[in-house]
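Examination of the molecular architecture
Each chain, written out:
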Amino acid sequence: MFRYFIEKIVLIVIISGFTMSVNAQDVNPQLTIHVIDNDSISLQQVKISLNNDKIITTDENGFAKINLPIGNYTLQFSHSSYETQQLNVELFADKTITPTLISNNIALQEVVFTAKEDKGLTSKSVIDRKAMEHLQPSSFTDLMELLPGGLAKLPNLTQTNVALIRENSGRPTEGGYNTSSLGIQFMVDDNIINSNSDMQRSLNQSSMLYAPRDRNTISTGIDMRSISTNDIEKVEIIRGIPSAAYGDLTSGLIKIERKIGVTPLQARVKVDGYSKQYYIGKGFSLKDNWKLNASVDFLDAKNDPSDDQQNYQRITASLRSELKLKLWSNSLKWRTNLDFSGTLDNVSLDPDNSYAPTDTYKSYTRKLTVANNFTYELPKQSFLNLITLNTSIRQGFDRIKQRQFVQYSGPRALPLSTEAGESVGIFAATSFVSEYMTDGKPLDINAQLQATGKRSFLGFTNSYELGLDWRYSKNNGKGDVYDVTQPPVASMSTRPRAFSDIPATQNIAAFIGDRLDYKLNKHTFTLYGGLRLSKLLGVDKSYTISDKVFAEPRVNFQYGLPQFMIAGKPLDIDVTLGYGMFYKQPTTYYLYPNKQFTDYVQLNYYNNDERYRYISYMTYVQPLENKNITAAKNIKKEIRVDFAYNNHNFSVTYYKERMKNGFRPYSNFTVNSYKKYDATKVDINNWTTNGPDLTNVPYTIVREHNAFTTIENGSVTDKEGIEFQYSTPRFKGINTRFTLSGAWFKTKYYNDIPVYERPTVSIGGTPGSFPYIGVYENDDAYTNSNLNYNLMMDTYVPSLDLTFSASIQGSVFTNKMREKIIAFPTSYIDLDGQIKPYTEADKADIYKQHLERNKATSEPSSRKESYTVNVNFKITKSIYKALRASMFVNQLYSYDNPYFFNNVRITGSRRIPYFGVEMNYNF
């Protein structure tokens, strides 16, 4: 019995020992890694790859810990500012290692926190992710600060933000000088953003304190508020002459490249005095050859934090896929983007009358985009070695909804006719709520097929491109929708029109380009020549533009001088020349404007008895199409010199641009006639079912000049300027770089076609009754010039993952000149529609003397402002593992030197600092 118990105890001990041994093997030893640099400073955000599989990252103290099974491991350490290092580790028990990374000075020099001037064939600014993270933008508008001559501005996200390239901010608001912003082409992931079918504008631009006018996007180009920067990897802003592959632009090209590939789950929260922004995104690897990125972004902005009656909201969502395949043994890359964006402009206003309903303005857009880009690589020995096909479909759902309380001081008649001729109107209610909207459904389809190749012969390297570009725009919206018996404005000059009735516009282009690179001893030469041919399709033959083919030649040449050795280090000098011709085709709104309705009251008979009220109109319908409209043409010329010495870089560019036929609204006049009945002679006893019998009612024939506006090619925008940027190396020890950039802008705006004007004086107290229209050689002309500067000092400490920068920026001077205009007309138009010369005798005529323009607008005026100084501050720091905190203060210090205008001393108002914070977290 005793032996039995002994055997049982021994068996239990053996089993327990075996179990403990097995469990001990299940507990993986811990590997502790402490990464430091040459100065024994702990390095955070170092990526550690284990056997090319699992990736861990060091924390804010430079440590990373992981439990691993017993075995041998290959560890690879990587950091943007240090050389990649590999280490083999044999792990049998808990172990601590302390690898030392060697600083990569080249990588440190490459970290740039502002736009970097490209040294290629054309002048362009390159903005990478690091610069954007440091800038902390709310929308694409903020990135324009980084261009030469760009300055930080207070955000204004409750109004349309248009892009300007090589142009100062003093562009005239009146007249037609929007072509320069309309002619800036935006591209996202090699697909254009087409706004040619945008028809959104309010039926009452002056309502809500001109809120609709300030939020117009029609024919002004892309609203930069709608573009989020959170997914952007890189931006190229081409200010010079791009290749022939890019067209339907005049001022410049902005190429946006978004992130694609594996990324951790990223979150961003930004809060400042004007907006709040939230973002979350993630990059996945579905397979070795398939990457997927998803993100969503939301922005809520106000013009005044204490004002809830005006705000702007933006939401964007994106799903991006990149799949790498093999087709006939060759590589094929297929990229698909599915994007949604929505914006909302909201304005409300309480009228003084407490009983009145609240006036509101809401403008929202919904855009859904599907894009597919295919890149196919052919064998290198083939004549064409790369074929790309980029396609995109963008459907918009846009709507402006307004609610407006209307109250008349007395009985008010309204016309209803949609045809020319005599008609009977109605007497509207004295007060009502007018609800009206503009409904747009713009559809844009784009496709570009491009083939490129490369060959070498006789020492030349020949790179060539050719392709086709097709763009389709059609608006299928309901257009202007309102109740004609309750219009927002009593004297409506339009009638409801559906946008879907307007023809589509199509632009097709073919392009070819060739680049030659040649090196002779130590001299290098690069020449690019290209030609783009474009044509509008589907335009009625009655339009002159329907038969036109537009040719756009482009030439760029660069000469690299032999290196000069100074103190044992080479000095590189490159000289670049460029010439290009560009055309921007008229938009749908310019080609097919709505008709103008002019309603003249012939008889207004009002009686207290509703049965005996009668209003008679004569309606004229004036087509506003300009059948002679053509594409706006811009010619660019530039010369650039680049210097590079021991990581010192200096670039200076002189440019000259001339666009003499930009789109502008143009006042025309025609002579209309109508009957004016004597209301006192109406006999109520001769009333019929159709109103009074007017057979025996006397009348007179009245003739008047009637104004109407068409879109013409007459705005001249002349640009001239010098851009410069100098950057130092990042000095070792303090890790600080100094960058000085700026630009001198000189822009002239004027009209190149005669203008028609009617004096504001009236005859017998009747407005618009003056019998003559003056024909003048020109109207207001402006010359604006200024010199802007931006000195930036940025410090980057990779061991602490700390970024700090301070910038001093402003203007050295700003001059605004309104040129002298001719006071007297060259001719005039009378009520017979006849054009007659204006003579000296006419200056004493009782009526024609008033054709002289007001003296105040005839004399030139000049405003010369002095220098300004603004100090901005930004800092970014990783504070805990993958958490990064940022803060910025703009206008921390500001000063405007006083100047004199009209002998009055002008002192600048004190600017309030604008600050904000943001948090970024990588899960």
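Numbering of residues starts from 1 in every chain and runs along the sequence as written. Confidence filtering applies because this is a predicted model: local features only for residues at pLDDT of at least 70, side-chain atom pairs given and counted only at 80 or more, and all residues used for totals across whole chains, interfaces and linings. In computing side-chain properties, one takes all heavy atoms of the structure into account and sets aside hydrogens as well as water.

1. Details of the overall build of the protein
To qualify as a helix, a DSSP run of H or I must reach at least 4 residues; to qualify as a strand, a run of E must reach at least 2; elements of each kind are numbered from the N terminus. Along its length, the protein carries seven helices and 54 strands. Considering only C-alpha atoms, the protein reaches an extent of 140 × 90 × 65 Å along its principal axes. A contact between two residues is defined here by any heavy atoms of the two lying within 4.5 Å. Taking as baseline every contact in the protein between residues at least 6 positions apart, the subset at least 24 positions apart corresponds to 70%. Note on areas: Shrake-Rupley, 1.4 Å probe, and residue coverage restricted to the protein chains presented here. Roughly 43700 Å² of accessible area belongs to the protein as shown, and the carbon and sulfur atoms make up 56% of that amount.

2. Describing the sheet that holds strand 35 (residues 596-605)
Two strands qualify as a pair provided DSSP detects at least 2 bridges between them. Judged by pairing direction, the sheet is antiparallel, and its three strands sit side by side in the order 24-36-35 without closing on themselves. Two strands lie at the open edges of the sheet, namely strand 24 (421-424) and strand 35, each paired on one side alone. Neighbour to neighbour, the strand axes of the sheet diverge by 30 degrees on average, direction disregarded. Both strand 24 and strand 36 (residues 614-622) contribute to a ladder of four bridges, which runs antiparallel. Its bridge partner lying in strand 36, S423 is registered against Y617. What counts as an axis is a line fitted to C-alpha atoms, over the stretch in contact for a helix, and the angles between N-to-C directions run from 0 to 180 degrees.

3. So, helix 5 (residues 207-214)
Each residue is assigned to one of three classes by its accessible area relative to the maximum for its type, calculated with a 1.4 Å probe on protein chains only: buried under 20%, partly exposed between the two thresholds, exposed over 50%. Within helix 5 the residues assigned to the buried category are S207, M208, A211 and P212. Angular distribution of buried residues about the axis of helix 5 spans 95 degrees; they occupy a single face of the element. Looking at the buried positions of helix 5, the neighbouring elements they touch are strand 20 (330-349), strand 21 (359-377), strand 22 (386-407) and strand 26 (431-440). Working definition: the arc comes from the directions between the helix axis and the C-beta atoms, pointing outward to the latter.

4. As for unusual backbone geometry
If a residue is not glycine, its phi is most likely negative; likewise, a peptide bond is most likely trans. Despite not being glycine, Q136 has its phi angle at roughly 60 degrees, a positive value. Counting through the fold element by element, Q136 comes out in the loop between helix 3 (129-135) and helix 4 (179-182). Its relative accessible area of 2% is what places Q136 among the buried residues. In this structure, N521 takes a positive phi of about 55 degrees despite not being glycine. Secondary-structure assignment places N521 in the loop between strand 30 (505-520) and strand 31 (523-537).

5. Some details on the side chain of H79
As for its position among the elements, H79 is in strand 6 (residues 71-79). Under the relative-accessibility criterion, H79 is labelled buried at 12%.

6. So, the pairing of strand 20
Bridge count between strand 19 (residues 310-327) and strand 20: 18 bridges; the pairing is antiparallel. In the sheet register, R314 faces strand 20, and the bridge partner there is T343. Counted along the chain from strand 19 to the antiparallel partner strand 20, the turn is two residues long, and its residue W328 has a positive phi close to 50 degrees. Strand direction decides the pairing type here: strand 20 and strand 21, joined by 18 bridges, are antiparallel. Looking at strand 21, one finds that K333 is bridged to T375.

7. Some points on the layout of surface pockets
Sizing a probe to match a water molecule and rolling it over the atoms shows the empty space that remains. There is about 1700 Å³ of room inside the second largest pocket. A pocket, in this scheme, is an open set of points on a 1 Å grid over the protein atoms alone with protein on both sides within 12 Å along at least 5 of 7 lines, while a cavity is a set where a 1.4 Å probe fits but cannot get out; residues line either one if an atom lies within 4 Å of a point. Surrounding the second largest pocket, 49 residues form its lining, Q45, K47, P264, Q266 and N922 being those nearest its centre. If you list the elements that add at least two residues to the lining of the second largest pocket, you get strand 4 (54-57), strand 6, helix 3, strand 16 (263-272), strand 50 (868-880), strand 51 (883-896) and strand 54 (914-922). Grid points are joined across faces, edges and corners, and a volume is the space filled by probe spheres set on the points.

8. Description of the environment of E625
Structurally, E625 is set in the loop between strand 36 and strand 37 (632-645). Measuring from C-alpha to C-alpha, the distance between E625 and K324 comes to 49 Å, with 301 residues separating the pair along the chain. For E625, the residues in contact, after removing those within four places along its chain, are Y543, L591 and P593.

9. Side note on the confidence of the model for the protein
When pLDDT is averaged along the protein, the result is 89; 94% of the residues meet or exceed 70. Note that pLDDT drops below 50 for residues 1-26; the model gives that stretch zero contacts with residues more than four away or on any other chain. The predictor's confidence in any single residue is recorded as pLDDT, a number from 0 to 100.

10. A few points about the nonpolar core
Only buried Ala, Val, Leu, Ile, Met, Phe, Trp, Tyr and Cys residues count toward a nonpolar core, and they belong to the same one when joined by side-chain atoms within 4.5 Å. One finds I127, F140, F186, V235, I254 and I256 to be the most contacted residues of the largest nonpolar core, which totals 24 residues. Of all elements in the fold, only helix 3, strand 12 (184-188), strand 14 (232-238) and strand 15 (252-258) reach the threshold of two or more residues within this core. Counting 20 residues, the second largest nonpolar core, distinct from the first, contains L182, Y543, Y592 and A632.

11. Description of the packing of aromatic side chains
Two aromatic rings, drawn from Phe, Tyr or Trp (for Trp, its six-membered ring), form a pair once their centres lie within 6.5 Å of each other, and the interplanar angle then sorts them: stacked below 30 degrees, edge-to-face above 60, tilted otherwise. Applying the stated criterion across every chain, the model contains 32 aromatic pairs. An angle of 85 degrees between the planes, with centres 5.9 Å apart, marks the rings of Y666 and Y756 as edge-to-face. Taken together, the residues span a long stretch of sequence, with Y666 in strand 38 (residues 648-677) and Y756 in strand 43 (residues 755-757) at a distance of 90 residues. Overall, Y756 belongs to the partly exposed group, its relative accessible area being 23%. Between Y867 and Y895, the ring centres sit 6.0 Å apart and the planes meet at 45 degrees, which makes this aromatic pair tilted. Residue Y867 is located in the loop between strand 49 (861-865) and strand 50, and its partner Y895 is located in strand 51; the two are separated by 28 residues in the primary sequence.

12. Some thoughts on the pairing of strand 11 (residues 124-128)
Among the five residues in strand 11, four count as buried, and that is most of the element. As paired strands, strand 10 (residues 116-117) and strand 11 are joined by two bridges and run antiparallel to one another. Of the residues in strand 11, the one forming a bridge with K116 is V126. Judged from the five bridges that link them, strand 11 and strand 14 form a sheet pairing that is antiparallel. Bridge assignment links V126 to a residue of strand 14, and that residue is E236.

13. Here we look at the sheet that holds strand 3 (residues 47-50)
Read from one edge of the open sheet, four strands run 4-3-6-7, paired in antiparallel fashion. Looking at strand neighbours, the two that pair on one side only are strand 4 and strand 7 (82-91), the edges of this open sheet. Taking the axes of each pair of neighbouring strands and ignoring which way they run, one obtains an average angle of 25 degrees across the sheet. Relative to strand 4, strand 3 runs antiparallel, the two being bridged by four bridges. Residue K47 lies in a different strand from strand 4, and its bridge partner there is T57.

14. Digging into the pattern of salt bridges
The term salt bridge refers to a pairing of a side-chain nitrogen on Lys or Arg with a carboxyl oxygen on Asp or Glu at a separation within 4 Å. Per the stated rule, a full pass over the model turns up 50 salt bridges. As a salt-bridge pair, R258 and D189 come within 2.8 Å of each other at their nearest N and O atoms. Residue R258 is located in strand 15, and its partner D189 is located in the loop between strand 12 and strand 13 (191-192); the two are separated by 69 residues in the primary sequence. Comparing R258 with D189, the two get one shared label, buried. Measuring nitrogen to oxygen at the nearest pair gives 2.6 Å for the salt bridge that ties D832 to R703.

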